[in-house]
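# Coordinate analysis (summary)
Take a look at the letters that make up each chain.
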Amino acid sequence: MLTRQDCEARDRADPLAPLREQFVLPEGVIYLDGNSLGVLPRATPARIREVVECEWGQDLIRSWNTAGWIHLPHRVGAKIARLVGAEAGELTAADSTSVNLYKVLVAASRLAQADAPERRVILSERSNFPTDLYIAQSVAQELGWALELVEADEIEARLGPDVAVLMLTHVNYRTGRMHDMAVLTRRAHETGALAIWDLAHSAGAVPVDLKGCDADFAIGCGYKYLNGGPGAPAFVWVHPRHADRFWQPLAGWMGHASPFEFTPDYKPAAGIARYLCGTPPILSMAALECGVDTVLAAEPLGGMAALREKSLALTQLFMDLVEERCAGHGLALVSPREDALRGSQVCLTREEGGYAIVQALIARGVIGDFRAGDARMPDILRFGFTPLYCRHVDVWDAVEHLRAVLESGEWRRPEFNQRHAVT
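So, here is what we can say about the structure in this document. Keep in mind that what you see is a predicted model, and the values were worked out from it rather than measured.

Take the overall build of the protein chain next. Within the protein chain, the regular secondary structure consists of 14 helices and 13 strands. In summary, the protein chain has a C-alpha radius of gyration of 22 Å against a globular reference of 22 Å for 423 residues, a match within 12%. Accessible surface for the protein chain amounts to roughly 17,400 Å². Of this, 54% is attributable to carbon and sulfur atoms. In the protein chain, 42 positive and 54 negative side-chain charges are present, and the distance between their average locations comes to 1 Å.

So, about the side chain of Ser-311. With respect to the element layout, Ser-311 can be found in helix α12 (residues 303-325). Note on Ser-311: relative accessible area 0%, which makes it buried. Only 2.7 Å separates the side chain of Ser-311 from the side chain of Ser-344, close enough to count as a polar contact. Among all residues touching Ser-311, those that are not within four sequence positions of it are Gly-343, Ser-344, Phe-385 and Pro-387.

A cluster of nonpolar side chains, Trp-56, Leu-60, Ile-61 and Leu-283, forms an exposed patch at the surface whose accessible area comes to about 440 Å². Looking at the secondary structure, you find Leu-283 in helix α11 (residues 282-296). Residue classification places Leu-283 among the partly exposed positions, given a relative accessible area of 35%.

Bringing the environment of Met-178 into the picture now. In this fold, Met-178 is placed in the loop between β5 (163-169) and α8 (181-190). In this structure the C-alpha to C-alpha distance between Met-178 and Ala-340, which are 162 residues apart in sequence, comes to 7.5 Å.

Here we take up the packing of helix α13 (residues 354-363) against helix α14 (residues 392-408). The N-to-C vectors of α13 and α14 enclose an angle of 125°; their axes lie 10 Å apart at closest approach. Put simply, α13 runs oblique to α14. Two packed elements cross with a definite hand, and for α13 against α14 that hand is right-handed. Residues Ile-357, Ala-360 and Leu-361 of α13 pack against His-401, Leu-402, Val-405 and Leu-406 of α14. Grouping the amino acids of the contact of α13 with α14 by side-chain chemistry returns 6 nonpolar, 1 polar and no charged.

Okay, empty space enclosed by the protein next. Per the stated rule, a full pass over the model turns up 1 cavity of 30 Å³ or more. Computed from the structure, the largest cavity encloses a volume of approximately 60 Å³. Every residue lining the largest cavity is listed: Arg-20, Leu-25, Val-29, Ile-30, Tyr-31, Tyr-389, Cys-390, Arg-391 and Asp-394.

Summed over the entire model, instances satisfying the criterion amount to 10 aromatic pairs. When the centroid spacing of 5.2 Å and the interplanar angle of 65° are considered together, the rings of Trp-253 and Phe-260 count as edge-to-face.

Moving on to the packing of α12 against α14. It is at 9 Å that the axes of α12 and α14 come closest, and there the two elements cross at 30°. On the basis of their axis angle, the class for α12 and α14 is roughly parallel. You can see that α12 and α14 cross each other, and the crossing is right-handed. Contacts between α12 and α14 involve Ala-313, Leu-314, Leu-317, Phe-318, Leu-321, Val-322 and Arg-325 on the former and, on the latter, His-392, Val-395, Trp-396, Val-399, Glu-400, Leu-402 and Arg-403. Residue composition of the contact of α12 with α14, grouped by class: 10 nonpolar, 1 polar and 3 charged.

Before going further, it helps to spend a moment on unusual backbone geometry. Despite not being glycine, Asn-227 shows a phi value in the positive range, around 60°. Assignment of secondary structure puts Asn-227 in the loop between β7 (217-220) and β8 (234-238).

The sheet built from 4 strands is open, its strands ordered β9-β10-β13-β12 with antiparallel pairing. Pairing within the sheet leaves two strands with one partner each, and these edge strands are β9 (332-333) and β12 (369-371). Together, β9, β10 (345-349) and β13 (380-384) form the strand contacts of α12, whose direction differs from that of β10 by roughly 25°.

Reading the values: the criteria
- Every chain begins its residue count from 1, and numbering advances along the sequence as written.
- With the structure being a predicted model, the display of local features is reserved for residues of pLDDT at least 70 and the display and counting of side-chain atom pairs for 80 or more, all residues being used for whole-chain, interface and lining totals.
- To get the side-chain values, take all heavy atoms of the structure and skip hydrogens and water.
- Numbering of helices and strands runs from the N terminus, with a helix taken as a DSSP run of H or I at least four residues long and a strand as a DSSP run of E at least two residues long.
- We compute the radius of gyration from the C-alpha atoms alone; for a globule the expected value is 2.2 Å times N to the 0.38, where N is the number of residues.
- Exposure was quantified through the Shrake-Rupley algorithm and a 1.4 Å probe, taking into account, for residues, occlusion by the shown protein chains and nothing else.
- In this tally, Lys and Arg are treated as positive and Asp and Glu as negative; His is ignored, and so are the chain termini.
- Lysine's charge is taken at NZ, arginine's at CZ, aspartate's at CG and glutamate's at CD.
- Using a 1.4 Å probe on the protein chains alone, a residue whose accessible area is under 20% of its type maximum counts as buried, one over 50% counts as exposed, and one in between counts as partly exposed.
- Polar contacts here mean pairs of N or O atoms no more than 3.5 Å apart (in protein, one a potential hydrogen donor and the other a potential acceptor; neighbouring residues in sequence count only if both atoms are side-chain atoms).
- The contact criterion used throughout is that any non-hydrogen atoms of two residues lie within 4.5 Å.
- Two joining distances apply to patches: 9 Å for like charges and 5 Å for nonpolar side chains (Val, Leu, Ile, Met, Phe, Trp, Tyr), and every residue must have over 30% relative accessible area and no salt bridge.
- Here, a salt bridge means any side-chain nitrogen of Lys or Arg that lies within 4 Å of a carboxyl oxygen of Asp or Glu.
- All axes here are fitted lines through C-alpha atoms, helices being fitted over the stretch that makes contact, and every angle between N-to-C directions spans 0 to 180 degrees.
- Orientation labels follow simple angle bins: below 35 degrees gives roughly parallel, above 145 gives roughly antiparallel, 65 to 115 gives roughly perpendicular, and whatever is left gives oblique.
- Crossing handedness: left-handed means the near helix sits turned counterclockwise from the far one by under a right angle, and right-handed means the same turn made clockwise.
- Charged residues are taken to be Asp, Glu, Lys and Arg, nonpolar residues to be Ala, Val, Leu, Ile, Met, Phe, Trp, Tyr, Cys and Pro, and polar residues to be all remaining types, Gly included.
- Method remark: on a 1 Å grid restricted to protein atoms, a set of points is classed as a cavity if a 1.4 Å probe fits but cannot get out and as a pocket if it is open with protein on both sides within 12 Å along at least five of seven lines; lining residues have an atom within 4 Å of a point.
- Grid points are joined across faces, edges and corners, and a volume is the space filled by probe spheres set on the points.
- Two aromatic rings from Phe, Tyr or Trp, using only the six-membered ring of Trp, form a pair when their centres are within 6.5 Å; if the ring planes differ by under 30 degrees the pair is stacked, by over 60 it is edge-to-face, and anything between is tilted.
- Two strands qualify as a pair provided that DSSP identifies no fewer than 2 bridges between them.

Distances and angles like these do not, on their own, reveal function.
This is how it looks when you write it as C-alpha cells:
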C-alpha cells in the first residue's frame, strides 16, 4: 500500500522538481486549480515593475519602438507556438478566447461558403465550454445556419455533407476527457468540414501537434496552464493554407498591413498578423510572456513529453488514492482512466454536497473548484494537476483532506453551503 513517504520519494526522484521554484506558492496551500488560473511566476512582478516604471514611466510612448511593445503579440505567439506544434509566425497572442473564437469561426464559415455553400451546420460537443457554444450560436444566427450539439461519442458518426465546421475543445473542461485531435480532424476533412480546436485546457498541459494533425484553426487561453495571470491575453492560430484567403471579421487597425499609414480603407496584413485587432494590452502581454517562459523552461528536461508523463502520474495517483482512501463516501470518477483519453485534471461527482465539499477543502488550503451540472450531467468536483509545480506529496495530502472532510461531515456546515459568485 502506498504511503506518504513513497510520495516524498517520488518527488525526490522527479527530474522536473526544480521547475517548482519558478513560482510563488503560498505556505500551507495545495493548489489544484491551475486548470482555471495558473500560479504566479516569480519573474512576473519584477517584469511588470520594469514595464511600468521604466518602459512606461521613463520611455513613455517611445517604448513601442525601444522596448519592442509593437512586436509583443507575435513574440509571445512564437513562444506559444513551440508548445502546440506550430511554427513561429503562424500564431499570435491577442484578445480573449471568446473573441478569437469569433474571428476563426467567421473566417471558417466564409471559407465554407466559398468552397461548399451547401454546408450550413456548425457541429460541436454538447458539453463544450459555454462561451464556445454561445459564440457559435451567435455566428450561426448571423449566417442563418444551425448549431448542432451531440455527445462526444456521436461526433464522428454525425459528420456529413451538411457540416461546414467542427468546433471542439481538445480537453473537456468538465470531465477532463481528451479528444483524439488527429482522428477527428482527419474525419472532418474526409467529410468536407473544417476543424477548429480550443486549446484552453491543453496548451502547456498536454502535447499538441496542430500542424501534424493538419488542423485548420485553433485558439487558446493564456491564464490557465500558461500562467499568464487573471484575464491574460489568449492566442489564435490559423493554418497557413487559410491565413490569407479572407479577412477576419474584426478588422482593426493592428491587423492592417500598414497600420501607421492611417489609410481610411482596410488592407489586411499577411498571414496571422491580420488576426490582430486593437492595441495590445502591454502589461498583460508582458505577464503572459513570463508565464509562457515557465513552461518553456521544461524544454531542456524533456519538454511537453516530460510534463505529460508527470501529469499522468499525478492524476493516476489521485484517482488511485481517492478510490483507496475515500471509499464508501459516494464519490464517483468522471474523468477517463485511460491515459490517452485524460487531460491534466481529475473530476469527481457526488450526489450530495459537491459545492460544499469543495468549499470545505478550500478552507483547509486545498484549492480545487466546482462546476454545476444540469439535467444531463452531474455536479463536478474538479482538480487540476499542473506538473510544473504540483508534487506527489501534494496529491497525498489533498486526498487526506478530502477523506477528513467526508468522514467528519464538516462540509455540512452552513458557511460551506453558501454559494459565492464564482465557484
